[in-house]
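Structure assessment
Residue-level listing of the chains:
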Amino acid sequence: MNLETFYEYCLSKKGVSEHFPFDEDTLVFKIGGKMFALSSLSQWEKNEQSVNLKCDPDRAQELRAEYDEIQPGFHMSKVHWNTVSLNGNLPVKFVKELIDHSYELVFKSLTKKIQNEITDSR
């Protein structure tokens, strides 16, 4: 997956906005004010692409055991976040499924009011 595909896929999801809350390097995608994906732009430039994605804790353990490209979240809660290396053999379709899972987990954690605002928008 290249940066443009990652960027466009995240922004294509309903209610998503992009931010740089930490510095000018860390691109963060949020839904309802909560992060679901973040990545270092300078790492992409160095061809060391990775993205941090939220994940169900049990599934996170399974994914880490099965894929070398999936590790505990770098600078994040190791229970709820994975760092997914995009330099390996993970198919784009699978990475998109991981992004979807992260998005859905965060969406479900939002209040019903915010969920309805997002669902009713566009």
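Scroll up to find the structure this text is about.
Below: a short report on this structure. (Residues numbered from 1 in each chain as written. Predicted model: local features only at pLDDT ≥ 70, side-chain atom pairs only at ≥ 80, totals over all residues. Heavy atoms only, no water.)

**Here we look at the packing of helix 4 (residues 92-109) against helix 5 (residues 112-120)**
A pair of packed helices is captured by two measures, namely the crossing angle of their axes and the spacing between those axes. Threshold: Axes here mean lines fitted to C-alpha atoms, for a helix over just the part in contact, with angles spanning 0 to 180 degrees between N-to-C directions. Numbering of helices and strands runs from the N terminus; a helix is a DSSP stretch of H or I covering at least four residues, while a strand is a stretch of E covering at least two. Roughly parallel refers to an angle under 35 degrees, roughly antiparallel to one over 145, roughly perpendicular to one between 65 and 115, and oblique to any angle outside these ranges. Throughout, a residue-residue contact means that at least one pair of heavy atoms, one from each residue, lies within 4.5 Å. We call Asp, Glu, Lys and Arg charged. Ala, Val, Leu, Ile, Met, Phe, Trp, Tyr, Cys and Pro are nonpolar, and the rest, Gly among them, are polar.
One way to put it is that helix 4 packs onto helix 5 with a least axis distance of 8 Å and a crossing angle of 125°. Considering their axes alone, helix 4 and helix 5 lie oblique with respect to each other. Side by side, helix 4 and helix 5 meet where Tyr103, Phe107, Lys108 and Ser109 of the first sit next to Gln115, Ile118 and Thr119 of the second. In the contact of helix 4 with helix 5, the residues fall into three nonpolar, three polar and one charged.

**So, the pairing of strand 4 (residues 50-54)**
Definition in use: Paired strands, in this sense, are two strands between which DSSP finds at least two bridges.
Both strand 3 (residues 34-40) and strand 4 contribute to a ladder of two bridges, which runs antiparallel. By the bridge assignment, alanine 37 is partnered in strand 4 with leucine 53. Alignment of strand 4 against strand 6 (residues 81-85), held across five bridges, turns out to be antiparallel. Across the sheet, residue valine 51 finds its bridge partner in strand 6, namely valine 84.

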